[in-house]
Structure formats: structure tokens, C-alpha cells
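Chains, contacts and geometry: an overview
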Amino acid sequence: MKTINRVTTKLGLLAVLLWVGACKQGPQTEGNAAQEPQAAAAAAKTAGQAFIEGDVAKPNVLQIAIGSPDHSTLVAAVQAADLENALVNAGPLMVFAPTNEAFAALPEGTVENLLKPENKDALANILKYHVTPGNYSKDFLKKFKKLGQANNQDVLIEVKGDDVYVGGARIVASVPAGNGIVHVIDKVMLPPSE
Amino acid sequence: MHATTNNNLHEMKKTIYSFLSLFTLASVFFACGEGQQGTNGALTSNAAERVYVAPGEHDDYYAFISGGFSGQLSVYGLPSGRLFKVIPVFSQDAEKAWGYNEETKPMLNTSHGFVPWDDSHHPDISQTNGELDGRYVFINGNNTPRIAKIDLSVFETTEIIEIPNSAGNHSSAFVTENTEYVVAGTRFSVPIPQRDMPISEYKGNFKGALTFISVDPEDGGMDIKFQLIMPGFDYDLSHPGRGASHGWFFFTTYNSEEANTLLEVNASQNDKDFIAAVNWKKIEEYVNNGGGTKMPANYAHNVYDEATHSATSTMVKEVLTVNPADVPGAVYLLPTPKSPHGCDVDPSGEYIVGAGKLSADLTVHSFTKMLAAIENQKFDGDAYGIPILSFEDVLAGTVSQPGLGPLHTEFDGQGNAYTTFFISSEVVKWKLGTWEVVDRQPCYYSVGHLMIPGGNSRKPFGKYVVAMNKITKDRYLPTGPEVTQSAQLYDISGEKMELLLDFPTVGEPHYAAGIAADIVKARSKKIYELQNNEHPYGVKSDADVKVERNGNEVHIYMTMIRSHFNPDNIEGVKVGDKVYFHVTNMEQDYDVPHGISVIGANTSELLIMPGQTESFVWEPKQPGVWPFYCTDFCSALHQEMQGYIRVSPAGSNTELKYSLGE
């Protein structure tokens, strides 16, 4: 839980900074069509489908990730990249969810570095490489040779015995979601450089 | 996987709630204390003022928003979001007797018989010289392929033409810049002509028809000029060229793999599908010189006549088809990434924007570059003889990763484009030419199409954009499992978009067209002139009122005026008769409709405008004296506006008579 604590602190700090920054700009002038971008962005962070409370429906892919102690790093990363609302859409969405262990296996300092605000785009790109518009079971994925990912790159599918590998990562478990499916994988998939 | 089975769902929810409450707390703590709506950061304090249209004042724009699965077209005012009218188009409407009364039943006739419903998708307003002229709205019916025309002098559907050789009429109903044609592209490719054959033999055998329907410049009459029989792809959306590219039409295609099953996998194999560029002027010239093949067909052409207040349905038995291979230089394919959906042409006619729904980028093609590549005969192969241009040769630019799930782009006429993203649920503003993203605003939720009034023309009215959302979840008071869909209005007059309003819609607000109100409202009729009423059962004065028997048919030539029917006492009807009430509204005053129904009628009421005649059939099943009354609150003595019809047993000799005030 060390990671998550650090991340929460960072997120909190980030939010404070954004809001302080917004307030410094002073009150908005009446009829000013140009919104303060920071204010809008920060407010938007708490608006949208990701923040609907008391949903009795089947959990969506984001809720599944949030509920899993094995995915706290992934969740922190999704929040740092502002991708929550993209994961609760009607989709359908297939999320390949690396475990905390998979993140920890990355070279020392990689995760911390990606969570820095200046690396938000790079982080978002990596995360979107883990998302497919679609909803396929592990077995069904055997029909594919590749998948088109949300960051606009393709990822290769390989079948070895009963195992299905996506971008070199093995699917170790699968959880159907209200808006798609979460496949838990044992590696972080790094998008190939173009 | 250790976590998240149903057993620890409860635990998980608790975690979610703590996350949520953290966020909520944070926003309360850090809000700047200006009384902003916490859930909606885009609202500024004067948003209400900017959408408020005072009682008695008029809105600046009409918005014609399709109803999707409702089959109709709704008319709203902008910026208020007030609903004025739901124009019945493809679905029966008991409120207005559309498809129920004898006059409009033929409007819903097709080669499959009477079809009481359709899926209405893409309205487009008629144009002159590339600018909206406000005469007609055209809209497609998807399911049983049809194109309807709504006449904006009366806001009624006045013509529906069925499209043969088409299935899932989705790539429709968009007009060329002088309304020379309204275009209808098929979504499904099908056997042409339809025949009994194995589905597995799709590839190479199924074809996709792109239909060009001419529109008479004088009376607006529609007629299928020709069908271009294209390869067996799926055709998704289309838009006309304008300015320099006038004479061309652009269609997005997907499933260029020609799969016939599990399209979500099999139609996503190719990295690129195509935008088909069709030089319709060239094909028009070809058919005007006798080109094309006449093919047997069977489709309905339904026309509502304003003078007779009645529709006729004619079955047409032939259609002119054109094989693209027979008209060299008329059709080219522009490679476009990943199953493009939106196909939008900017006001100058230079840029063609393809929104690959499985791509994270937007692809913009250049018309100039396309012409140059054609000129240089630089092709990258062909598909069924249709030359494929090279992607790099026609590409104007790429908007890189603006959002997830790009769908539709509109333009403000100021050099900006606005694209909706379904998956990331937002509108993104970007600049034509530099392709840079300028602004993004969230949509609540899952936005489909968007609309800038005049956005599909040379001259958009770039003040507002309306985003149409498929999902609203918690945005309104709940109404059980089925909740409203919505439209959201953004002010786009500044650098940043600003959310002003969201309002509920009728059906699925699939797509919309908008226009400055001044262009339309001066032409809007107030009454139908009684002296021009040519309805065969209409009456122009009380002297013409009568009841006639013809076998077991009884025809009542009736009038209605504040506050009585003439006749209001009728006798001599028998069980087993078919009783036709032909009712003329004698009022010649603005906004005085009357309605009528009779007990036990197995159909809807009639709602009759001043000067209009409508008819319904009543087949009484029981002897007795049965009432009829005015169903629209018309006057101070509305409750006195009633009558009786006496029904005698079958075979009785009750004399046929009718009266008023005797």
C-alpha cells in the first residue's frame, strides 16, 4: 500500500495546486466566454459518469479496478491521467489490468516518473494501450491475431497452450464488468515506438 | 485474481464510496467560494440568462432533432431548448392521426405493405448556393429504407420515397449545395436484385447502392435519378462537397473486408477502410446521355397533396442503376483509418474529415490533393475496378489523439472544427489547417452526433453547438429504468466552449439540423385556405353537408366550427356499416384546430387544422345511440361541441337522416 499512499498524496497535492492556481486568477468576469482552463479541468475531475453514486448496476471496469487491492497502482495511474470517465462509458471496453506486482517489476523509478504531472500524456498513452473498444472473453480472444488499442496502436495476441498473451503479457484472470471486461495481466505492456 | 468476486462486492463498493467522498470533500474544500454549481464546473453564473427567452419572445434558431427509434422529427428552439412540435414522419402518431386517418395512411405504405414505424436518423435542411434556404428538411428512415421530405411552410411530412436495393438506409439524407439531390447510401450491402442465396457467398456478390434522388427546384418533388452500385462494403455516413468540391459527394465505408458475420471482429481487420469520393456531376451527365441500366424494382413513392389534404402511394417498377466501372473517373477510394463513421466537409469544401471510430486520430483529406492525385493517375491499386488513391497523397493532416471514439465533426465558419467523442464523452474543438486541439468540454454522457446550425453548409451560424447524448443516468429526476436522452447546448462564440444548458429530448436525439429562425418563420403558414380545399369529401359551406349511403358504406360530410358539428344528430346507421367521418374544419382563424372521435373507434382521434379535411372510419358493433365530441379544447363552449349517432341493428329499416338544431 506504500505506492497508493504516495500516489494519493501526490494526487491531493495536485488537486490543491490546481485549485489554488484557479483561485489566484480571481473571480470570473461576467459574460466572459473564455473559462479558466484549470478551473474547468479541476471541476470536471469530479463530474461525469465515474462519479455517479449509489449505482446498483453491475460494476464497470473502473469500479472493478478500484475494488481490487491488486490494482491500486493502476487505479492511481488512471486517476493521474484523468481517464476515469473514459472507463465508465457504455463502451464496450476491454481493459488489460496489470497487477501491482507487474508495475513493481518495471525498472526502478518508472512508475514515480510517469505519475509526474509533466508526464501525463505519456502515462495516458501507456494506459490507453491497455484498453480495447470491445468485450471479448479470454477464449474468444484466441480468434484474434491483433487488437486495435485506444492509443491507436495495435497489440499482438498469442496463444500458447491454454494461455492467451496480449502484447507479451499473460492473462491470469478475467472479470466481466457492466460495460465490458477486465483481463488481469502479469506485465505492463509498453507501446512500441512508432 | 484475489479481489472482486460477488462476495466482496460490498467491500469494493465501500472503497468506491470512500474514493468518491474524498473527491466530493476535495471539491467542497477547494471550491473558490463563488457559489458555482459544484457538479458542473462549466456553468457560469449568467448561463441561465443566456438561454432564457422571455415569455412571448422567440428563439433565435430552430433545431430539428431526429427521434431515432421514435421515427419522428422534433422541433426545438435555441437557445431555450423549448420543444415546439414533434413532426410525425415514419411512425404512426395517434395525437395527430398520422398514419391513422384515411388521408395519411398511404404515406406509410412500402413494398412490404403498411409499415407503422421506422428509425429516423439524419435530418438535413435544403440549400441554395450552399446556404440553408429553409424550405425543406429531408430525413432518412433506416430500417425500411425511405427518405422523407418535410415542408417547412407547414412543418408536415409531405413526401416519402422508398429506396430499392438498399438496407439500413444510414448514409443519408444529405443534400447537395443547390438541393439538386438528396443522397441515400445503404448501410448493409445486399444481393442486387434481392434473391434467395447463401449468406456465406456475400463476398463479391453483395453490393451497396448509393442512391441519388433528384429534388424538383420548383415543387420539391423527389425522384430517384440513379443508383450507383458499389462494392459490398457498409456505407456509414456521407456529406456533399461544396464550393470547389461541389459536384462531389463523400461516403465513409467500413467492412471493406466484406464480412458477413461478427463484424465487430471481422470488419476491424483492415488498418484502413475508405471514404468513397463520387463525382455525381459526371454520373449525372452519363445518365442524361442515356447511360446506366434500367432494372426491375418495386418501391413506394408517397406524396401528400396540400390541396386535397390527402396522400397517394404509387408503386414504381423500375430504377436506373450505374456500374462505377462504366463511368471512368467518377469514383475514387480514399484510404481512411479504422472503420470511419463521420464524413464531414468543411464550409470551404477543401477538407473532408473522416472519424475512424476505432482510431484515436482524426483523418483530414484534402480535396485539392485528391484532384492532383487523380490528375497524376497515382493509384494504390483498386477495389472492383475503382481506383484507390494513396493515403499520403490525399492526406491534409491528422488531429492526433484528440479523444476516444471520434464520431462527428461540425464547423463554425471561423476556421474551427468541433468533434464529438463517444467513449471519452466530450466535444473537442480544433483548428482546421494546424490540426491543434483548442478546447475540450465533457458531455453528460456518451455523446453521439453534434450540430452547429448551418454546420453542413458554406455558412454556419457559429454561435452554438448542440451535443446529443445517448445516456443521462443521474442528470435528471429518475423515471424508472427508462430515462430520457438529452441535448446539451454550448456557447461557442468564445475561444473556449461553454456549457449553457441541457434539455431532455424525444426518443433518441440521433442527429440534428439547425437554422436561423428568421429564414423559416416568415414562411410558416397560419391556416389552410378553405376556398382552396380540394378534398373529395371536403365541404366549403354548411350547404354542402350531407350523409350518403353506398352499400354498407356511410359517408358523413361533416363540418366543425366553434362550437358545434354539422350534422350533430345522425340516424340510419346499422351494425355492420363502415362509417366514414369526413370532417372539415371551417375555421379560418390562426390556431383554432378541432378534434373529433366517437366512442369505440378502433383508430385515433382526428386533429384538424383550419381549412383542412380529415377522415376516419368507424365500424359500430352494437346498436345504441353513441356520442362523438371535439377532442381539442377549442373554445369557451368546447364542452358543448358534441353530437349523437344512432346505430340500429343490422338489417333494420331506420331511415338515413341527419340534422343540426332541429
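Above this text sits the structure in question.
These remarks concern the structure in this document. Predicted model only: the values in this text are computed from it and were never measured.

Each value, and the rule that gives it
Residues numbered from 1 in each chain as written. Chains lettered and ligands numbered in written order. Predicted model: local features only at pLDDT ≥ 70, side-chain atom pairs only at ≥ 80, totals over all residues. Heavy atoms only, no water. Salt bridge = Lys/Arg side-chain N within 4 Å of Asp/Glu carboxyl O. Buried < 20%, exposed > 50% of the residue type's maximum accessible area, 1.4 Å probe, protein only. Helix = DSSP H or I, 4+ residues; strand = E, 2+ residues; numbered from the N terminus. Pairing = 2+ DSSP bridges. Phe/Tyr/Trp six-rings, centres within 6.5 Å; stacked < 30°, edge-to-face > 60°. Arc of directions from axis to C-beta. Polar contact = N/O pair within 3.5 Å; in protein donor to acceptor, adjacent residues only side chain to side chain. Axes fitted to C-alpha atoms, helices over the stretch in contact; angles between N-to-C directions. Parallel < 35°, antiparallel > 145°, perpendicular 65-115°, else oblique. Left-handed = near helix turned anticlockwise from the far one by under 90°. Contact = heavy atoms within 4.5 Å. Nonpolar A, V, L, I, M, F, W, Y, C, P; charged D, E, K, R; others polar.

Quick look at the pattern of salt bridges now. Counted by the stated rule, this structure contains 29 salt bridges over all chains. Here Lys-142 of chain A makes a salt bridge to Asp-139 of chain A, at a shortest N to O gap of 3.1 Å. Assessed through its relative accessible area of 54%, Asp-139 of chain A is described here as exposed. A salt bridge links Arg-458 of chain B to Glu-177 of chain B; the shortest N-O distance between them is 2.5 Å. One end of the pair, Arg-458 of chain B, is in the loop between strand S31 (447-451) and strand S32 (464-469); the other, Glu-177 of chain B, is in the loop between strand S10 (171-175) and strand S11 (181-185), and 281 residues separate them in sequence. Three or more residues joined by partner-sharing salt bridges are found here, namely Lys-146 and Asp-154 of chain A together with Asp-271 and Lys-338 of chain B.

All names here are of chain B. Most of strand S16 (residues 248-254) sits out of view: 7 of its 7 residues are buried. The alternating pattern of S16 places Trp-248, Phe-250, Thr-252 and Tyr-254 and Phe-249, Phe-251 and Thr-253 on opposite faces, both of which are buried. Examined bridge by bridge, strand S15 (residues 234-240) and S16 share 5 bridges and lie antiparallel to one another. Looking across to S16, one finds that Ser-238 is bridged to Phe-251.

This next bit is on the packing of aromatic side chains. All names here are of chain B. For the structure shown, the criterion picks out 33 aromatic pairs over all chains. An angle of 80 degrees between the planes, with centres 5.9 Å apart, marks the rings of Tyr-181 and Phe-212 as edge-to-face. Residue Tyr-181 is located in strand S11, and its partner Phe-212 is located in strand S13 (residues 206-215); the two are separated by 31 residues in the primary sequence. You'll find Tyr-181 and Phe-212 in the same group, each marked buried.

Moving on, we come to helix H5 (residues 367-375) of chain B. All names here are of chain B. Residues Phe-367, Met-370, Ala-373 and Ile-374 constitute the buried set of H5. Buried residues of H5, viewed axially, fall in a sector of 120 degrees; they line one side. Among the residues of H5, the N-terminal cap falls to Ser-366, whose side-chain oxygen and the backbone nitrogen of Thr-368 are separated by 3.3 Å. One or two residues past the end of H5 sits Gln-377, with phi positive at roughly 55 degrees.

As a further point, take the sheet that holds strand S7 (residues 180-185) of chain A. All names here are of chain A. With mixed pairing, the 7 strands of this open sheet are ordered in space as S2-S1-S7-S6-S5-S4-S3. A strand with exactly one partner marks an edge of an open sheet, and here the two such strands are strand S2 (131-133) and strand S3 (146-148). The mean inter-strand angle of the sheet, taken between neighbouring strand axes irrespective of direction, is 30 degrees.

Residue and element names in this part refer to chain A. Contact geometry of helix H4 (residues 72-80) with helix H7 (residues 120-128) gives a least axis separation of 9 Å together with a crossing angle of 125 degrees. For the element pair H4 / H7, the angle class is oblique. As H4 runs across H7, the sense of the crossing is left-handed. Every residue of H7 that contacts H4 at Leu-74, Ala-77, Val-78 and Ala-80 is listed here: Lys-120, Leu-123 and Leu-127. For the contact of H4 with H7, the class distribution of residues is 6 nonpolar, no polar and 1 charged.

Residues and elements named next belong to chain B. In this chain, Leu-78 is followed by Pro-79 through a cis amide linkage whose omega measures 15 degrees. Within the element layout of this structure, Pro-79 appears in the loop between strand S2 (73-78) and strand S3 (83-87). A positive phi angle is found at Ser-425, which is not glycine, with a value near 55 degrees. For Ser-425, a relative accessible area of 7% puts it in the buried group.

All right, on to the environment of Thr-128 of chain B then. Residues and elements named next belong to chain B. By the secondary structure assignment, Thr-128 is in strand S6 (residues 124-128). Looking at Thr-128, the relative accessible area reads 38%, which means it is partly exposed. Setting aside residues no more than four positions away along its own chain, Thr-128 makes contact with Asp-133, Glu-177 and Asn-178. A distance of 2.7 Å separates a polar atom in the side chain of Thr-128 from a polar atom in the side chain of Asp-133.

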